[in-house]
Amino acid sequence: MGFLSNLINGISLGSIYAVIALGYTMVYGIAKMLNFAHGDVIMIGGYFVYLSSSKLLHLPPVLSVLIAMVACTILGITIEKIAYKPLRKATSLAVLITAIGVSYFLQNIALVIFGANPVTFTSVVSIPAIKLFDGQIVISGETSVAIVVSILVVIGLSLFIKKTKTGKAMLAVSEDKGAAQLMGINVNKTISITFAIGSALAAIAGALYCSAYPILQNTTGAMPGIKAFTAAVFGGIGSIPGAMIGGILIGVIEILGRAYISTQLADAIVFAVLILILMFKPTGILGKKMVEKV
Amino acid sequence: MKLKKILAVMLALVMVLSFAACTKTPGNENGSDVDPSNVDGNNSASEIVIGVSGPLTGGAAQYGNAVVNAAQLAVDEINAAGGVNGTNLKLVSADDEADSGEKAVSAYNSLKDQGMQIFLGTVTSGSCLAVIDKTADDNMFQLTPSASADAVIANDNCFQICFTDSNQGARSAQYIAENNLATKVAVIYDSSDAYSTGIYNNFKKGAADKNLEIVAEQSFTKDSNKDFSAQIQACKTAGADLVFLPIYYTEASLILKAAANADYAPKFFGCDGLDGILSVENFDVKLAEGVMLLTPFAADAEDDATKKFVAAYKAKYNNEIPNQFAADAYDGIYILAELIKANNITADMSASDICDILKVEICKEGFSYKGLTGAGSALTWDNTGAVSKDPMAVVIKDGAYAAL
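Everything numeric here is computed off the predicted structure, so don't read it as measured data.

## Examining the overall build of chain B
Next, step 1: Each helix and strand counted, chain B has eleven helices and 14 strands in total.
Next, step 2: Classification of the 404 residues of chain B by burial places 56% in the buried group.
Next, step 3: When contacts within chain B are restricted to residue pairs at least 6 apart in sequence, those whose partners lie at least 24 apart make up 69%.

This is how it looks when you write it as structure tokens:
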């Protein structure tokens, strides 16, 4: 029973990682850049939900999450326009360092605006817990919602990319920017849309993460950001189902490692598994084999 | 060109903002002002300068701010009554963010730059361990209100107002055993924190003496302090009917939530680190109902000294109820005032000269202080630097601390 509970907890944590990892993977797949500020957009999303649901406006949870999604979308597009777009032709290292800069900028601006004291986040989930086997296994409302939402997001995104014009444009841009432009695709707009979707997902992830672990402060996004990035690499960065699989695996390994091996080494175990996987499958579980061009 | 300009403006903005973030010390804007007349280190003004270093921002900010607020209250009261032997006291403060590295050292250095002669700090154990050797080298008299690790008082210039971790750990085990609170006990502690690990180790010893069975020992680190589902599951599977939490309140609030999620309702018992859990913004106090903690101070105690202190503190700081850190700091200032008075310390003495006198006098037979903390008995010190006092247990009831 204990094992089953731990497994469920792991899947719950993993589902949240998966939603975050989707943001990393989409932006990487299409813009070929690592958006290290993604974790901090999660934190900003968390604060927007907090402000609109409990601190200022007292709106219903679903509405607060929608507001946070809109706000994060605007934030994401703004970051892309101001910080990344001017560097479209720069080396990837320059873009990476800019992304780290944006990450610190967001953390510090949140520190100035919201202060350093952590606040308790009121859960956006009001679904009752499911009790199985006479209460030996309890699946909290947050867990059920996290799992359902992550599955819906993966299916939705896959359909969006396969079926819509914009989605196909994204695929084309990720294959070959130059050729896509020749075919009449607006590359800049496509990349902006990618950032918009990634940031909206970050808002959802922020709401889910803070509901499950209800302490919100300016560094809240940092650790889940790194873990989700790991998940994206694990599953094969650029691949949407890969992000889902990577996220869930990372979550389960982390919780089971903490429960059965060592509470202190759980993080080390996660990264050790990552190294092992990358040794045997350098592009991740579902990553495409890329031929190195010389 | 245009791009470069925008970039330059952006960078300048980031820099300004991060400076603003560094210097922000909520609740205590006036305390950290540098008085130009004191910058040269030896105090040319006619005030004795007492320095406080603690977390004024970050996860343990409530402790630092409580200490600074209460110390300021005590200083103001003493000065309003004509000072000590006619000399006014002055409080300066610095933010160490409860960091156990360079931030603690730079906070201490900035206090010295502000002319500090006596050090009432630091607030947390980790930061204190980072500076004790510096204060010993400087021969700076150090009286820490709340850094409870045993190693804090290793040097002869440092004394504690709070009880040590070994005392807290052993007393917790004793209290749980003597009041038959539980037979199977689980512990969740922070293995990356000196305070938490110290109490845990001593609790384990105390539990063995009292035949308490520890059925689960779970830990976490400061990098993995969000998800506690695995630890709570382990406690639940082991059938613990009491979980001992020798940790700080931010993590404790997450543990309480994780326990509620797992439908697990043991008794929770903590130490002074849990103090403050009720003041976390937006915290659902129902989660903390029934949580017990060992603390030297309960704000609802009926003695006159406590009532007077609580009323004055509430009047000065937006009706906030003082926690035990505030009480420790308030006592600390009055202890220093007594020492200054008895030994004719004057404002023109150097920190080292003051230290030479005070470190001997504080542990002399005749010196004792009866204040807010210590459950009614007078505090005395021995030459190890430890204080003699008795902890009290309080329970959280209807969203407030109540004496047990």
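## Quick word on the environment of Leu106 of chain A
Residues and elements named next belong to chain A.
Next, step 1: By secondary structure assignment, the location of Leu106 is in helix α4 (residues 92–114).
Next, step 2: Here the alpha-carbon distance between Leu106 and Ser15, two residues 91 residues apart in the chain, equals 25 Å.
Next, step 3: What Leu106 contacts, discounting residues up to four positions off in sequence, is Ala37, Asp40 and Ile44.

## Quick word on the sheet that holds strand β6 (residues 184–190) of chain B
All names here are of chain B.
Next, step 1: Read from one edge to the other, the open sheet built from seven strands follows the order β7-β6-β8-β9-β10-β13-β14, with strand pairing classed as mixed. Looking at which strands have only one partner, the edges of the open sheet turn out to be β7 (213–220) and β14 (400–403). Taking each pair of neighbouring strands and ignoring which way they run, the sheet shows an average axis angle of 25°.
Next, step 2: Here strand β9 (residues 267–270) runs beside strand β10 (residues 292–295); their pairing, made up of two bridges, is parallel. The residue of β10 that forms the bridge with Gly270 is Leu293.
Next, step 3: Across the face of the sheet, helix α6 (residues 194–209) comes into contact with β6, β7 and β8 (242–245) while running at roughly 160° to β6.

## Some details on the pairing of strand β1 (residues 47–54) of chain B
Residue and element names in this part refer to chain B.
Next, step 1: Buried residues dominate β1, accounting for eight of its eight residues.
Next, step 2: Side chains of β1 alternate between two faces, with Glu47, Val49, Gly51 and Ser53 and Ile48, Ile50, Val52 and Gly54 buried alike.
Next, step 3: The sheet contact formed by β1 and strand β2 (residues 88–95) spans eight bridges and is parallel. Residue pairing for β2: Gly51 is matched across the bridge by Val92.
Next, step 4: Note: β1 against strand β3 (residues 118–119), two bridges, orientation parallel. Considered in β3, the bridge of Ile50 is made with Ile118.

## Let's talk about the domain arrangement of chain B
Residue and element names in this part refer to chain B.
Next, step 1: For chain B, the domain assignment lists domain 1 (36–163 + 306–390) and domain 2 (166–295).
Next, step 2: Facing 16 residues of domain 1, the contacting portion of domain 2 comprises 14 residues.
Next, step 3: Sorting the residues of the side of domain 1 that touches domain 2 by element identifies α2 (61–80), α4 (125–138) and α10 (324–342) as the ones contributing at least two each.
Next, step 4: Ranked by residues supplied to the side of domain 1 that touches domain 2, first place goes to α4 with three residues.
Next, step 5: Residue composition of the side of domain 1 that touches domain 2, grouped by class: seven nonpolar, eight polar and one charged.

## Some details on the sheet that holds β3 of chain B
Residues and elements named next belong to chain B.
Next, step 1: Spatially, the five strands line up as an open sheet ordered β2-β1-β3-β4-β5, and their pairing is parallel. Since the sheet does not close on itself, it has two edges, and those belong to β2 and β5 (158–160), each with one partner.
Next, step 2: Sheet topology places β3 next to strand β4 (residues 141–144); two bridges connect them, and they run parallel. Residue Phe119 lies in a different strand from β4, and its bridge partner there is Gln142.
Next, step 3: Of the strands in this sheet, β1 and β2 touch helix α3 (residues 102–113), which is tilted by about 150° from β2.
Next, step 4: Sitting on the sheet, α10 touches β1, β3 and β4, and the angle it makes with β4 is about 145°.

## A few points about the nonpolar core
Proteins that are soluble and globular tend to have nonpolar side chains buried together.
Next, step 1: Counting residues in each nonpolar core, the largest one holds 226 residues, and the members touching the most others are Val19, Cys72 and Ile204 of chain A together with Val67, Ala70 and Ala71 of chain B.
Next, step 2: The leading source of residues in this core is helix α1 (residues 2–31) of chain A, at 16 residues.
Next, step 3: Here this core spans two domains, since at least three of its residues come from each of domain 1 (36–163 + 306–390) and domain 2 (166–295) of chain B.
Next, step 4: The residues touching Ala70 of chain B, leaving out its near neighbours within four places in the chain, are Tyr313, Pro322, Ala326, Ala327, Ala329 and Tyr330 of chain B.

## Structural notes on the interface of chain B and chain A
Next, step 1: Between chain B and chain A, the contact holds 38 residues from the first and 35 residues from the second.
Next, step 2: When grouped by side-chain class, the residues that make up the side of chain B that touches chain A number 14 nonpolar, 17 polar and seven charged.

Thresholds, definitions, all that
- Residues numbered from 1 in each chain as written.
- Chains lettered and ligands numbered in written order.
- Predicted model: local features only at pLDDT ≥ 70, side-chain atom pairs only at ≥ 80, totals over all residues.
- Helix = DSSP H or I, 4+ residues; strand = E, 2+ residues; numbered from the N terminus.
- Buried ≥ 20, exposed ≤ 12 C-beta atoms within 10 Å, placed from the backbone.
- Contact = placed C-beta atoms within 7 Å.
- Pairing = 2+ DSSP bridges.
- Axes fitted to C-alpha atoms, helices over the stretch in contact; angles between N-to-C directions.
- Domains from an automatic or database assignment.
- Nonpolar A, V, L, I, M, F, W, Y, C, P; charged D, E, K, R; others polar.
- Core = buried A, V, L, I, M, F, W, Y, C linked by C-beta atoms within 7 Å.

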